[in-house]
Amino acid sequence: MDDTAFLKIQGLRKSYEYVDALRGVDLTLARGDFLCLFGPNGAGKTTLIKIVADLLKPTSGTVEITGGPDLDSDIRSRIGLISHQTLLYDELTARENLQFYSSIYQIPDPDDKIDSLLHTVGLYNRREERVSTFSRGMQQRLSIARALINDPVLLLLDEPYSGLDQFAATVLSNHLKKLHAQHRTIIMVTHNLTRGLETADRIGILSEGRLVYLKDRDEIDLPSFEDHYLMHMETN
Ligand code: ATP
């Protein structure tokens, strides 16, 4: 593995019964990179996120994540995931859900951290209410707090803006910018071009299981990127 790589994906393929969802993805991210991945429905984005999160085994290929000297050897416990499933317990309150995840990650004295995250996602006043009574957007907000509870060094976000109102979406964007400034490595899948382009520093397009576009945000000329994006959306 090369010294600067934090995450290295090589020759990643995933075949389901009828579909080749990933057809050979190679990608290297340095620590602190923030990659936003766009692509049409069915391109393989969620499959890629799930494999990196170790929730799904690839058909072939490898994903290597290295911590570096200042991180524990168990880097996998420092991954945060926001996915289509909120991974919340309906019968627990907002606070109890975060307490539960704090205990899983063995976070010492988590109360202040829980309160702070509840404030960040705007749910502090609803903290004693059960998740089953929350709207979809509120559940998504709590899911964001859940994903941040273990102070992740690698954050995997699959459609994190889904269900969020404008205010919550802006709070999330600002928080992601803060995490990026703290040198966290982030991969975000979204269909929201504006949010993706304003937060990430690397931009990719996945189409039909292949990474067909990858550039630093600084190098991107917006009109030509939009042409690329539309071309891949249309050919799908
Ligand atoms: P979207 O933008 O719609 O969320 P995506 O890029 O995240 O799409 P994936 O969910 O990774 O796409 O799906 C890629 C392909 O793999 C699709 O053709 C999908 O039908 C297929 N697929 C995904 N999960 C499964 C599964 N469990 N079993 C069979 N096929 C699957």
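Residues numbered from 1 in each chain as written. Predicted model: local features only at pLDDT ≥ 70, side-chain atom pairs only at ≥ 80, totals over all residues. Heavy atoms only, no water.

A. Looking closely at unusual backbone geometry. Phi at Asp109 takes a positive value of approximately 40°, unusual for a residue other than glycine. Tracing the backbone through its elements, the reader meets Asp109 in the loop between helix 2 (94-104) and helix 3 (111-120). In the Ramachandran plot, His183 falls in the positive-phi region, its phi being about 75° despite a non-glycine side chain. Mapped onto the elements of the fold, His183 is located in the loop between helix 5 (166-181) and strand 7 (185-189). (Helix = DSSP H or I, 4+ residues; strand = E, 2+ residues; numbered from the N terminus.)

B. Representation of the site of the ligand. Every residue close to the ligand is listed here: Tyr16, Val19, Ala21, Pro40, Asn41, Gly42, Ala43, Gly44, Lys45, Thr46, Thr47 and His191. In the model, an oxygen atom of the ligand is placed 2.8 Å from a nitrogen or oxygen of the Gly42 main chain. Its free accessible area being 630 Å², the ligand has 62% of it covered by the protein chains. A total of three residues in the shell around the ligand trace back to one element, the largest contributor, which is helix 1 (residues 45-52). (Near = heavy atom within 4 Å. Polar contact = N/O pair within 3.5 Å; in protein donor to acceptor, adjacent residues only side chain to side chain. Areas by Shrake-Rupley, 256 points an atom, 1.4 Å probe, with all protein chains shown as cover.)

C. Broad picture of a nonpolar patch on the surface. On the surface, a cluster of nonpolar side chains totalling about 370 Å² of accessible area is made up of Tyr16, Tyr18 and Val19. Position of Tyr18 among the secondary structure elements: in the loop between strand 1 (5-15) and strand 2 (20-30). (Patch = residues over 30% accessible without salt bridge, like charges linked within 9 Å, V, L, I, M, F, W, Y side chains within 5 Å. Salt bridge = Lys/Arg side-chain N within 4 Å of Asp/Glu carboxyl O.)

D. Representation of the sheet that holds strand 6 (residues 154-158) within the structure. With mixed pairing, six strands are arranged side by side in an open sheet as 5-6-7-3-8-9. With partners counted over all chains shown, the strands left at the sheet margins are strand 5 (79-82) and strand 9 (210-216), one partner each. Averaged over neighbouring strand pairs, the angle between their axes works out to 15° when direction is ignored. Taken strand by strand, helix 1 contacts strand 3 (34-38), strand 5, strand 6, strand 7 and strand 8 (202-207), and its axis lies near 150° from that of strand 6. Across the sheet, helix 4 (residues 136-148) is in contact with strand 5 and strand 6; its angle to strand 5 comes to roughly 170°. (Pairing = 2+ DSSP bridges. Axes fitted to C-alpha atoms, helices over the stretch in contact; angles between N-to-C directions. Contact = heavy atoms within 4.5 Å.)

E. Expanded view of the packing of helix 2 against helix 4. Two elements in contact, helix 2 and helix 4, have axes separated by 9 Å at closest approach and are oriented at 25°. In terms of orientation, helix 2 lies roughly parallel with respect to helix 4. As helix 2 packs across helix 4, the resulting crossing turns out to be right-handed. Listed contacts from helix 4 to Ala94, Asn97, Leu98 and Tyr101 of helix 2 are Leu142, Ala145 and Arg146. When the residues that make up the contact of helix 2 with helix 4 are grouped by side-chain class, the tally is five nonpolar, one polar and one charged. (Parallel < 35°, antiparallel > 145°, perpendicular 65-115°, else oblique. Left-handed = near helix turned anticlockwise from the far one by under 90°. Nonpolar A, V, L, I, M, F, W, Y, C, P; charged D, E, K, R; others polar.)

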